[in-house]
Amino acid sequence: MSDHKKILELRTQYLSPSLSLSYEDPIHIVRGEGQYLYDAEGLRYLDAVNNIQHVGHCHPKVLSAGMEQNALLNTNTRYLDETIVRYAKLLTKKLPEGLDVCFFTNSGSESNDLALRIARCITGSKETIVLDGAYHGHLSSLIEISPYKHNAPGGEGPPDFVYSIPLPDSFRGIYRGDNCTADYVNEVKKVIYKINDSSKTLSAFFVEALMGCGGQIVLPEGFIKKSFELVRMFGGLCIADEVQIGFGRMGTDFWGFETCGVIPDIVTLGKSIGNGHPLSAVVTTKEIADQFNNGMEYFNSYGGNPVSCAIGEAVLNVIEDEGLQENAEIVGSYLIEELFKLQSKYTFIGQIRGQGLFIGIELISNTDTLKPNKTLAAKIVNQMKDAGILISIDGPDHNVLKIKPPMVFNLENANELVINLKTIFDKNYDS
Ligand code: PMP
């Protein structure tokens, strides 16, 4: 029996059926290096999707930082240790002044759950505003604030303290075009008034500055800024989920929220922060951290351990030393330009959007109704995989091709991606 088949059988036998596999014919990856993955037969794949391995698969400096610290010591935050303070200082230097107190966790979900807990503790309220289509994690508390999950198969809808704003999608949302910001801000206002009218108070507004699972949605200009103003006016905290978009991926800025000209009260980090190592963080102000310190200890067996912190520090240094934020801007802008050229050729491309190395291609089946084309998206992703390039699908209608490669993705890789996309678009273009 082939390894491939054997692994599939063992997965079926021993792993939860709730887990999914990418691609119709799943791939057996055995090695990664930079922006490339290699399967058991030695075939090379260009990785245009793994944003967790932010500075590249198996980056030698990240690996050796982890190995060296692991060989020396791994404990927890209850001992004095230089690694954690050095890393916290370095990380907060990357954030705007004021956001300078860290909590370390092990996953984006843990960070978002902690952010929720902080907001609830400080405001004495659970009323939370989120955007439709948003995903903030897999914990029970986060399924509750993730319409992407609770409004999808298996979901039970939101609890009564969670309020969703219609997806602020200027292409296919309930308000469209270049001037839809005020309409979406008005939706936020309506929700806040509703909370107020029911004699409740607002706890938090949870948001990604550029939505990942929502379908690489670039929010209407000024939406976040105006929403933050409203939320704060009514005593709520603004929480920016940077799990997918942080650490330079936006190119022009180190953080997604910076592209919107705002400073959140709490920032949650994950994925790229540890290049695949389970490290995550919550960063907030001293004032908020002090208020949260109500007698209940925050302890996390693994969060902030010396090995994680050494890895986090190495990731930040590599981003800086290798100019990866600048690379995201140069390669991302080039890629978006090249994709725009394709858009004029294929009517099934509804919209190209994104920033830096976080790009979406929305596929539609009708240019008048903008009906999402989920079938075509699935076909293209599988055909791209067969051509040796890995991309994925997202969005509530599963019709957005997602491109979010390791940040070492270069211009040559961008060309390889576009040439292959073009060939596959041609193959599927019948009008
Ligand atoms: N927030 C966002 C925006 C995410 O995309 C994800 C994961 N896809 C999470 C939070 C949860 O992170 P994790 O899987 O590390 O728990």
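What comes next concerns the included structure. (Residues numbered from 1 in each chain as written. Predicted model: local features only at pLDDT ≥ 70, side-chain atom pairs only at ≥ 80, totals over all residues. Heavy atoms only, no water.)

### Description of the pairing of strand β13 (residues 349–355)
Okay, so step 1: Among the seven residues in β13, five count as buried, and that is most of the element.
Okay, so step 2: Where β13 meets strand β14 (residues 358–363), six bridges bridge the pair, whose relative direction is antiparallel. Bridged to Arg353 within β14 is Gly360.
Okay, so step 3: Remark: two residues form the turn of the hairpin made by β13 and β14, two consecutive strands paired antiparallel; Gly356 in that turn has positive phi of roughly 55°. (Buried < 20%, exposed > 50% of the residue type's maximum accessible area, 1.4 Å probe, protein only. Helix = DSSP H or I, 4+ residues; strand = E, 2+ residues; numbered from the N terminus. Pairing = 2+ DSSP bridges.)

### Remarks on the sheet that holds strand β17 (residues 400–403)
Okay, so step 1: Spatial ordering of the open sheet is given by β13-β14-β17-β16, a layout of four strands whose pairing is antiparallel. Since the sheet does not close on itself, it has two edges, and those belong to β13 and β16 (392–394), each with one partner. Sheet twist, expressed as the average angle between the axes of neighbouring strands with direction ignored, equals 30°.
Okay, so step 2: As defined by bridge partners, β16 adjoins β17 across three bridges and the pair is classed as antiparallel. Note on β17: the bridge partner recorded for Asp394 is Val400.
Okay, so step 3: Taken strand by strand, helix α12 (residues 374–386) contacts β14, β16 and β17, and its axis lies near 160° from that of β16. (Axes fitted to C-alpha atoms, helices over the stretch in contact; angles between N-to-C directions. Contact = heavy atoms within 4.5 Å.)

### Notes on the state of the cysteines
Okay, so step 1: Applying the stated criterion to the full structure yields zero disulfides.
Okay, so step 2: We note that Cys260 lacks a disulfide partner, and the nearest cysteine sulfur, in Cys238, lies 12 Å from it.
Okay, so step 3: No disulfide involves Cys309; its sulfur sits 9.0 Å from the nearest other cysteine sulfur, which is in Cys102.
Okay, so step 4: Note on Cys309: relative accessible area 0%, which makes it buried. (Disulfide = S-S within 2.5 Å.)

### Topic: the nonpolar core
Okay, so step 1: Grouped together as the largest cluster of nonpolar side chains are 97 residues, with contacts concentrated most on Leu91, Phe223, Leu339 and Leu401.
Okay, so step 2: Top contributing element to this core by residue count: helix α10 (residues 306–321), with eight residues.
Okay, so step 3: In this structure Phe223 touches Leu131, Ile165, Pro168, Thr181, Tyr184, Val185, Val188 and Phe205, once residues within four positions along its chain are discounted.
Okay, so step 4: In this structure, Ile145, Leu237, Ile288 and Phe292 belong to the second largest nonpolar core, which totals 19 residues. (Core = buried A, V, L, I, M, F, W, Y, C linked by side-chain atoms within 4.5 Å.)

### A word on the packing of aromatic side chains
Okay, so step 1: The final tally for this structure, using the stated rule, is 15 aromatic pairs.
Okay, so step 2: Between Tyr87 and Phe104, the aromatic rings sit 5.4 Å apart at their centres with planes inclined by 25°, giving stacked as the arrangement. Of this pair, Tyr87 sits in helix α3 (residues 82–93) while Phe104 is found in strand β4 (residues 101–105), placing the two residues 17 residues apart along the sequence.
Okay, so step 3: Centre to centre, the rings of Phe254 and Trp255 are 4.9 Å apart; their planes meet at 80°, and the pair counts as edge-to-face.
Okay, so step 4: Judged by relative accessible area, Phe254 falls into the buried class, the value being 6%. (Phe/Tyr/Trp six-rings, centres within 6.5 Å; stacked < 30°, edge-to-face > 60°.)

### Some words on the sheet that holds strand β6 (residues 162–165)
Okay, so step 1: Strand order across the open sheet formed by seven strands is β4-β12-β11-β10-β7-β5-β6, with mixed pairing between neighbours. The open sheet terminates on both sides in strands that have one partner only, identified here as β4 and β6. When strand polarity is set aside, the average angle formed by the axes of neighbouring strands in this sheet is 20°.
Okay, so step 2: As paired strands, strand β5 (residues 127–131) and β6 are joined by four bridges and run parallel to one another. Across the sheet, Ile129 pairs through a bridge with Tyr163, a residue of β6.
Okay, so step 3: Contacts from α3 reach β4, β11 (266–269) and β12 (280–284) within the one sheet, and its direction differs from that of β4 by about 115°.

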